[in-house]
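# Structural features, examined
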Amino acid sequence: MIQRKPAPVVTKLRAASTKLFVLDTNVLMHDPTSLFRFEEHDIYVPMATLEELDANKKGMSEVSRNARQSSRYLDEIVSNAESEIADGISLESFGKDATGRLFLQTEAINGELPARLASGKADNQIIGVVKHLQEVFPQRQVILVSKDINMRIKARALELAAEDYFSDKVLEDTDMLFSGVRALPEDFWDKHGKEIESWQQHG
């Protein structure tokens, strides 16, 4: 059954004037920079989306490359978060036009779906998350974003808002560059220092 109290992961959702976009995996695998393309609106990444990204990271295809880049973006955002993940992470410092927040699913959501929709399928799990968020936060416009037309049809059949993702931006090499600074572990030089030689030693 759907819990009627607000889920902790979205307790800090902002004013009803901003939308909450729930991202399907294929959106991130189509355009990793989609995380920063919803302007003032908030985005929500279900656990099923994260799991599908992880399952598609291996390989040399464009889809695998984009899955890896999406995972890197998410890791960078979470690693540099100045607030609790459950409160939402500001995207303002990561994207030029992004002023919304990123929310990650941090607990199990048992959205009640029609029996004909298999609960174990990732697409239906994501639809269940959308339904849950819509019912828990009726003041927010919750919208599923997916490149899968059949998934959008299923969502609309359940009276859930669903949209395609239309940005056809090509992932440029500059988008792959790490934009922050990552600290090395304290024991890095103890583990790897012996294997590193200076070019001056052979001068």
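Heads up: the structure comes first, above all this text.
Here is a short report on the structure shown in this document.

What counts, and where the lines are drawn
- All chains use their own residue numbering, which begins from 1 and follows the written sequence.
- At least 70 in pLDDT is required for a residue's local features to be given in this predicted model, at least 80 for side-chain atom pairs to be given and counted, and no such filter applies to totals for whole chains, interfaces and linings, which use all residues.
- Heavy atoms from the whole structure form the basis of all side-chain values; hydrogens and water molecules are not counted.
- The rule for pairing is simple: two strands pair if DSSP sees at least two bridges between them.
- Secondary structure elements follow DSSP: runs of H or I no shorter than four residues count as helices, runs of E no shorter than two count as strands, and numbering proceeds from the N terminus.
- As used in this record, nonpolar core signifies buried Ala, Val, Leu, Ile, Met, Phe, Trp, Tyr and Cys residues forming a set joined through side-chain atoms within 4.5 Å.
- Throughout, exposure labels follow a simple rule: accessible area from a 1.4 Å probe, protein chains only, divided by the maximum for the residue type, with under 20% read as buried, over 50% as exposed, and the rest as partly exposed.
- Where helices are involved, their axes are fitted lines through C-alpha atoms of the stretch in contact, as for all axes, and angles between N-to-C directions lie from 0 to 180°.
- Put simply, angles under 35 degrees are roughly parallel, angles over 145 are roughly antiparallel, angles from 65 to 115 are roughly perpendicular, and the rest are oblique.
- Each crossing gets its hand from how the near helix is turned against the far one by less than a right angle, where anticlockwise is left-handed and clockwise is right-handed.
- Contact between two residues is taken to exist if any of their heavy atoms lie within 4.5 Å; hydrogens are not considered.
- Ten residue types, Ala, Val, Leu, Ile, Met, Phe, Trp, Tyr, Cys and Pro, are classed as nonpolar, four, Asp, Glu, Lys and Arg, as charged, and the remainder, Gly among them, as polar.
- Here is the rule: rings of Phe, Tyr and Trp (six-membered ring for Trp) pair when centre to centre is within 6.5 Å. Planes less than 30 degrees apart are stacked, more than 60 are edge-to-face, and the remainder are tilted.

### Let's talk about the pairing of strand β4 (residues 101-104)
Judged from the three bridges that link them, strand β2 (residues 42-45) and β4 form a sheet pairing that is parallel. Across the sheet, the residue bridging to Ile43 is Leu102, located in β4.

### Brief notes about the nonpolar core
One finds Leu23, Leu35, Ile43 and Leu102 to be the most contacted residues of the largest nonpolar core, which totals 23 residues. Where this core is concerned, the elements lending two or more residues are β1 (20-23), α1 (25-30), β2, α3 (62-79), β4 and β5 (142-145). The element best represented in this core is α3, accounting for four residues. Counting residues in hydrophobic clusters, the runner-up holds 21 residues, among them Ala122, Val136, Val142 and Met151.

### As for the packing of helix α4 (residues 122-136) against helix α5 (residues 149-157)
The description of two helices packed together rests on the angle between their axes and the distance between the axes. Between α4 and α5, whose axes approach to 11 Å, the crossing angle comes to 40°. The pairing of α4 with α5 is recorded here as oblique in orientation. Two packed elements cross with a definite hand, and for α4 against α5 that hand is right-handed. Of the residues in α5, those touching α4 at Asp123, Asn124, Ile126 and Ile127 are Met151, Lys154 and Ala155. Here the contact of α4 with α5 is composed, by residue class, of four nonpolar, one polar and two charged.

### Some thoughts on the packing of aromatic side chains
Summed over all chains, the structure comprises three aromatic pairs. Geometrically, the ring pair formed by Phe36 and Tyr73 is edge-to-face, given 5.2 Å between the ring centres and 85° between the ring planes. Here the residue Phe36 occupies a position in the loop between α1 and β2, and Tyr73 occupies one in helix α3, the gap between them amounting to 37 residues. According to the relative accessible area criterion, Phe36 is buried, its value standing at 12%. Here the aromatic rings of Phe38 and Tyr165 are separated by 6.2 Å at their centres, their planes lie at 35°, and the arrangement is tilted. Pair noted here: Phe38 is in the loop between α1 and β2 and Tyr165 is in the loop between β6 (161-163) and α6 (188-192), with a separation of 127 residues, a long-range link. Residue classification places Tyr165 among the buried positions, given a relative accessible area of 6%. Three or more aromatic residues joined by ring pairs make a cluster, and in this case those are Phe21, Phe38 and Tyr165.

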